[in-house]
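Coordinate inspection notes
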Amino acid sequence: MGLRKPGLFFSRLFVILIFQFSFSKYQMREHLCHLRRDFSLTYTKEGDIVIGAFLSLFMNPELQTDKKSFKYPPMWIPVEIEYMLKHYQHFLTVQFAVDEINKDPHLLPNISLGYQLLNNFHESRLAVENSLMWLSGKGPTIPNYSCDGQRKSMVVIGGMSSTLSMAMATLLGLYKVPQLSYGSFDLLLSDEVQYPYIYQLGSRESTLHLAAIQLMLHFHWTWVGLVISDDLTGEQFSKHLKEEMAWNGLCLAFTERVSDKIKLEGDYMKFFYRILGPSSNVIFIYGSTDSLKIFSETLVYFALYGKLLVISASWDYSAYSSDEMMSNFHGTIIFSQFKRETPGFTDFLKSVHPQANPEDIFLKSFWEIVFNCILPEIKNLNKTHRQCEESLTFADVHPIYFDKTIMELSSNIYSGVYLLAHALHQMLQTEAKDLSELPAHPLLSWKLLHFLKCVNPVSGIKDDLCGDGPSMTAETYDILNFRSFRDKIWIEVKVGEVIPQEKVLRINEEDIDWPEDFPQIPTSICSVACDPGFRKQSLEGQPICCFDCTLCPDGKISNKTDAEQCMQCPEDHYPSKEKDRCLPKTVTYLAYEETLGMILASLAFCLSILTTFVLGVFVMHRDTPIVKANNRSLSYVLLISLTLCFLSSLLFLGRPTPVTCILRQTTFAIVFTVAIASILAKTITVVLAFRATKPGSQLRRWLRPAVSHALIFICTLIQMCLCSIWLGTDPPFFEMDTHSEASFIVIQCNEGSLVTFYCVLGYMGFLALVSFTLAFLARNLPDTFNEAKYLTFSMMVFCSVWIAFLPAYQSTKGKAMVAMEIFSIVVSSAGILICIFAPKCYVILLRADRNTLQILKNKASP
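In what follows, the accompanying structure is described.

Reading the values: the criteria
Residues numbered from 1 in each chain as written. Predicted model: local features only at pLDDT ≥ 70, side-chain atom pairs only at ≥ 80, totals over all residues. Heavy atoms only, no water. Pairing = 2+ DSSP bridges. Helix = DSSP H or I, 4+ residues; strand = E, 2+ residues; numbered from the N terminus. Axes fitted to C-alpha atoms, helices over the stretch in contact; angles between N-to-C directions. Salt bridge = Lys/Arg side-chain N within 4 Å of Asp/Glu carboxyl O. Buried < 20%, exposed > 50% of the residue type's maximum accessible area, 1.4 Å probe, protein only. Contact = heavy atoms within 4.5 Å. Disulfide = S-S within 2.5 Å. Patch = residues over 30% accessible without salt bridge, like charges linked within 9 Å, V, L, I, M, F, W, Y side chains within 5 Å. Areas by Shrake-Rupley, 256 points an atom, 1.4 Å probe, with all protein chains shown as cover. Expected span 1.5 Å × (residues − 1). Polar contact = N/O pair within 3.5 Å; in protein donor to acceptor, adjacent residues only side chain to side chain. Core = buried A, V, L, I, M, F, W, Y, C linked by side-chain atoms within 4.5 Å. Parallel < 35°, antiparallel > 145°, perpendicular 65-115°, else oblique. Phe/Tyr/Trp six-rings, centres within 6.5 Å; stacked < 30°, edge-to-face > 60°. Right-handed = clockwise from strand over helix to strand, strands pointing away.

**A few points about the sheet that holds strand S27 (residues 744-750)**
The strand order across the open sheet formed by three strands is S25-S27-S26, and the pairing between neighbours is mixed. Sheet topology places strand S25 (586-588) and strand S26 (733-737) at the edges, where each strand pairs with a single neighbour. Averaged over neighbouring strand pairs, the angle between their axes works out to 25° when direction is ignored.

Quick look at the structure:
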């Protein structure tokens, strides 16, 4: 056989020879091909083309040797012999697939397939030795020497792990032998430079991280732990998972890598507490059985109580677990690659029996271990062991030891055998016209790899685009739930499935048995979810999943759990008390129907009637001295203006309109100016009357009614000019105030220009101040009917009310502001009415005897 690199071959050969003579004991015969081994590790079924199957029957062997003398060959003893049993299905799967293909008249017609089953005890050194045995043809011999006159082997299926596959590839790669690795997909094996002849049957699980994300989102697991294998595959899974988690707002509580360093440093306990310590209740575990071996060994001594495990089927968690430990995995969620049903496998098992296959040493060993008996052909049968009954079948094997349905690795082997058959079929049609030419050309063996990559693994039809078949197909995962029962009964129940590419997750939560520590669906969060009405506030130096909950500020709400930001309510809505929703605001204004409106309206109306009544009294007693004493025409004007002042307050009640907004302030300003101007005229009249007592005084002409009326007119005209400027520049307008009151939309009048508004009020205040000053100075003038004191009190009340009004007006909003202005109008008007006219009405109505000219003269005389 041709060699690629002779130097590399002989360097590897030296190592192989050491393995060869360390593990085997040979007896030299006359010919090299007659070398034989004391114990057989192979079972062969002849065929035109023979498939080499390098399988693992023992999961965890220990090598025992005589370290001092090396007189005896090594002995392989399994630590837990039960865990070899389930992998016997791999052996049967090869036989089943080959038998099916041989019976198919359309696939490889006139060609029979055979197989050579080799057990490498899941040990790399034995895998290399078996590779050498397979290349030699009939047993371990001198490398690069074949005992077969005509070579029938072209391809190898193996091994169960990437470590075994790499060990085998160091030798098989020299001869360009295609190697179908049926274990979990490993990125290291996909290096076509270092391992050009390895074809991986396992799925890439390139979307497993997406499936994990879908599960986290479904159960709202935002704070999870991650345990990965310390290799390239684990790092790639971790990288992709972190990217998707960050995109979906999920966080990792910790990431632990399983490496040999843990075992070398004896750091099992620290490693365990780094996993158990964080607050996450859900832990995702990713890696193969071999790469997570240290983690599995840790679980032998420590149990992950209070944690839910989510794993991939590529990790066989039972490999290093005792019967008692298996209950610790109860409730575990498993992602398993979707497997199509394999019809006929159950019927095939019925035909498998040691009597029908007496040369199958693996079947013999399996049979005796499972049924705890010895087959009858053994001589000198030990009486302590019972003989196996002939009626025993695979149907009698306990499910713990053997699964009647093809499992994941077996499914890879089954698909690999069929993929090989289709590739051979295509190659025979293109490369060799006759079967006899195929073994004669060794180069055809490595060309087979090209056909393996170009044949669709499902349909068997050649693809135009060549690639790794399993990696190109869409991935669907079954979601399994592990359940542990008494009497060593363990089952995996399908509870759902996920299609990551389509973001489709179907799961029956009622069918899931959670771990005993979780009576219901486990929660795995860093911080308790923020209820509606609160928002998340990130903690400095912490992941986004760890946060505090802060109440939304005034005017904002959050209507969902774990809101990132609070939302502003629309202007016509306001937040509820809980700040979890926006409620429509109620339109409001100071209406007549409400209590405050009715009180103010009634008060204004009653006082206007009272003022009209006083006016009527003055008119009826217009010729009496007390009415005539202080210019009765001014009294009439003042009473009429006060009546209008009371009535003008009614413009502030009811639903505002653009018209009422313009009229109410201007009307109030003008009629109040008339009232104050009338008081000012009265005060001036009183002062001038005492100044003009001398005969011939020039001041008497200013005491005429026309002068007082002119003063009122001028004062009123000035106010009207101010109002005209106000209306012409920035007049009051109708508006809907959505900010003054949280839960109401206040319909009100905006005063427009505040400058002109306060100018109008200031002008009235100026007139009132002048009137108050003059009245105060004239308060002590002698006269029976001198009303200077009453004018002083009235202006004092007026000024007090409006001085108090200004800060109150600025500090109130909405209806309260309107009510404050109405109250000020009514109270100031009532103060003027009472202080000036109450004493006069008392004399007119109740003390008419004092309302005579004679009384006036008597009091005026010394």
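Okay, back to it.
**Observations regarding the pattern of salt bridges**
The tally for this structure, following the rule as stated, stands at 16 salt bridges. With a closest N to O distance of 3.0 Å, arginine 274 and glutamate 256 form a salt bridge. With a gap of 18 residues between them, arginine 274 in helix H8 (residues 268-276) and glutamate 256 in strand S12 (residues 251-258) connect regions that are remote in the sequence. According to the relative accessible area criterion, glutamate 256 is buried, its value standing at 12%. Because the salt bridges share partners, they merge into one network encompassing Asp478, Lys494, Glu497 and Arg506.

**Examining the sheet that holds S12**
The mixed open sheet is built from eight strands, whose spatial order is S12-S11-S13-S14-S15-S16-S17-S18. A strand with exactly one partner marks an edge of an open sheet, and here the two such strands are S12 and strand S18 (504-507). In this sheet, adjacent strand axes meet at a mean angle of 25° when their direction is disregarded. Across four bridges, the pairing between strand S13 (residues 282-286) and strand S14 (residues 308-312) is parallel. Bridging across to S14, valine 282 finds its partner in leucine 308. Docked against the sheet, helix H6 (residues 232-247) engages strand S11 (223-229), S12 and S13, running at close to 160° with respect to S11.

**Some details on the state of the cysteines**
Working definition of a disulfide: a covalent bond connecting the sulfur atoms of two cysteines. Applying the stated rule across the entire model yields seven disulfides. The disulfide partner of cysteine 373 is cysteine 388, and the S-S distance across this bridge is 1.8 Å. With the S-S bond torsion at 95°, the cross-link from cysteine 373 to cysteine 388 turns out right-handed. One end of the pair, cysteine 373, is in the loop between helix H11 (361-371) and helix H12 (408-430); the other, cysteine 388, is in the loop between H11 and H12, and 15 residues separate them in sequence. Each member of the pair, cysteine 373 as well as cysteine 388, carries the same accessibility label: buried.

**Some details on unusual backbone geometry**
One can expect most non-glycine residues to show negative phi and most peptide bonds to be in trans. Cis geometry is adopted by the peptide bond preceding glycine 159, which originates at glycine 158 and carries an omega value of 5°. Residue lysine 176 is not a glycine yet carries a positive backbone phi of 55°. The phi torsion at aspartate 562 lies on the positive side, around 55°, for a residue other than glycine. Its place among the elements puts aspartate 562 in the loop between strand S21 (556-557) and strand S22 (567-568).

**Quick look at a nonpolar patch on the surface**
A contiguous nonpolar patch, built from Phe605, Ile609, Ile640, Leu644 and Leu647 and spanning about 430 Å² of accessible area, is present on the exposed surface. Per-element tally for the nonpolar patch: the top contributor is helix H18 (residues 632-648), with three residues. The topology assignment puts isoleucine 609 in helix H16 (residues 595-620).

**What about the side chain of serine 296?**
Here serine 296 is to be found in helix H9 (residues 293-301). According to the relative accessible area criterion, serine 296 is buried, its value standing at 3%.

**Focus on helix H2 (residues 88-103)**
Taking 1.5 Å as the rise per residue, H2 with 16 residues should run 22 Å; its terminal C-alpha atoms sit 23 Å apart, in good agreement. A large share of H2 lies buried, amounting to twelve of its 16 residues. Those residues of H2 not exposed but buried are Tyr88, Gln89, His90, Phe91, Leu92, Thr93, Val94, Gln95, Phe96, Ala97, Val98 and Ile101. Each element contacted by the buried residues of H2 is listed here: strand S3 (42-45), strand S4 (49-55), strand S7 (113-119), helix H10 (345-351), H11 and H12.

**Re H11**
Listed as buried for H11 are Phe362, Leu363, Phe366, Trp367, Glu368, Val370 and Phe371. Contact partners of the buried residues in H11: S3, H2 and S7. Among the residues of H11, the N-terminal cap falls to aspartate 360, whose side-chain oxygen and the backbone nitrogen of phenylalanine 362 are separated by 3.1 Å. One or two positions beyond H11, positive phi appears at asparagine 372, with a value near 55°.

**A word on the nonpolar core**
By size, the foremost hydrophobic cluster in this structure holds 64 residues, and its most contacted members are Phe618, Phe672, Phe798 and Phe837. Of all elements in the fold, only H16, helix H17 (625-628), H18, helix H19 (658-691), helix H20 (705-729), helix H21 (754-777), helix H22 (788-811) and helix H23 (815-846) reach the threshold of two or more residues within this core. When neighbours within four sequence positions are excluded, phenylalanine 798 is seen to be in contact with Phe672, Ile676, Ala768, Ser828 and Ile832. Residues Leu107, Phe366, Trp367 and Phe402 belong to the second largest nonpolar core, which totals 63 residues.

**Comments concerning the packing of H8 against H9**
Where H8 contacts H9, the axes come no closer than 10 Å and their chain directions differ by 90°. When the axes of H8 and H9 are compared, the pair comes out roughly perpendicular. Counted together, Tyr268, Phe271, Phe272 and Ile275 of H8 and Ile294, Phe295, Glu297 and Thr298 of H9 form the full contact between these two elements.

**Regarding the packing of aromatic side chains**
Per the counting criterion, the structure on display carries 38 aromatic pairs. Measuring from centroid to centroid gives 5.3 Å for phenylalanine 618 and phenylalanine 837, while their planes differ by 80°, and the two rings are edge-to-face. Here phenylalanine 618 is found in helix H16, whereas its partner phenylalanine 837 is found in helix H23, with 219 residues between them in sequence. Members of the aromatic cluster, each reached through a chain of ring pairs, are Tyr88, Phe91, Phe362, Phe366, Trp367, Phe371, Phe394 and Phe402.

**Observations concerning the pairing of S18**
Judged from the four bridges that link them, strand S17 (residues 489-499) and S18 form a sheet pairing that is antiparallel. Bridge assignment links valine 498 to a residue of S18, and that residue is leucine 505. Between the antiparallel neighbours S17 and S18 lie four residues, among them lysine 503 with a positive phi of about 55°.

**Considering the pairing of S14**
Among the five residues in S14, five count as buried, and that is most of the element. Residues Leu308, Val310 and Ser312 of S14 are buried on one face, and the alternating residues Leu309 and Ile311, pointing to the opposite face, are buried as well. Following the chain from S13 across H9 to the adjacent parallel S14, one finds a crossover that is right-handed.

**Considerations on the environment of leucine 653**
Within the secondary structure, leucine 653 is located in the loop between H18 and H19. When its relative accessible area of 6% is taken as the criterion, leucine 653 is described as buried. Leucine 653 sits 162 residues away from lysine 815 along the chain, and the two C-alpha atoms are 9.7 Å apart. When near neighbours in sequence (up to four residues on either side) are disregarded, leucine 653 contacts Leu590, Tyr592, Gly597, Ala601 and Ile822.

**Some thoughts on the environment of serine 314**
As for its placement among the helices and strands, serine 314 is situated in the loop between S14 and strand S15 (333-337). Taking the C-alpha atoms as reference points, serine 314 and glycine 202, 112 residues apart in sequence, are found 9.4 Å from one another. In this view, serine 314 contacts Ser184, Glu205, Gly287, Ser288, Thr289 and Glu408; residues no more than four positions away in its chain are not counted.

**A few points about the side chain of serine 524**
Checked against the element boundaries, serine 524 lands in the loop between S18 and strand S19 (534-538). Residue serine 524 is classed as buried on the basis of its relative accessible area, which comes to 0%. At 3.3 Å, the side chain of serine 524 and the backbone nitrogen of valine 282 are in polar contact. Apart from residues lying up to four places away in sequence, serine 524 is in contact with His220, Trp221, Thr222, Trp223, Val224, Ser280, Asn281 and Val282.

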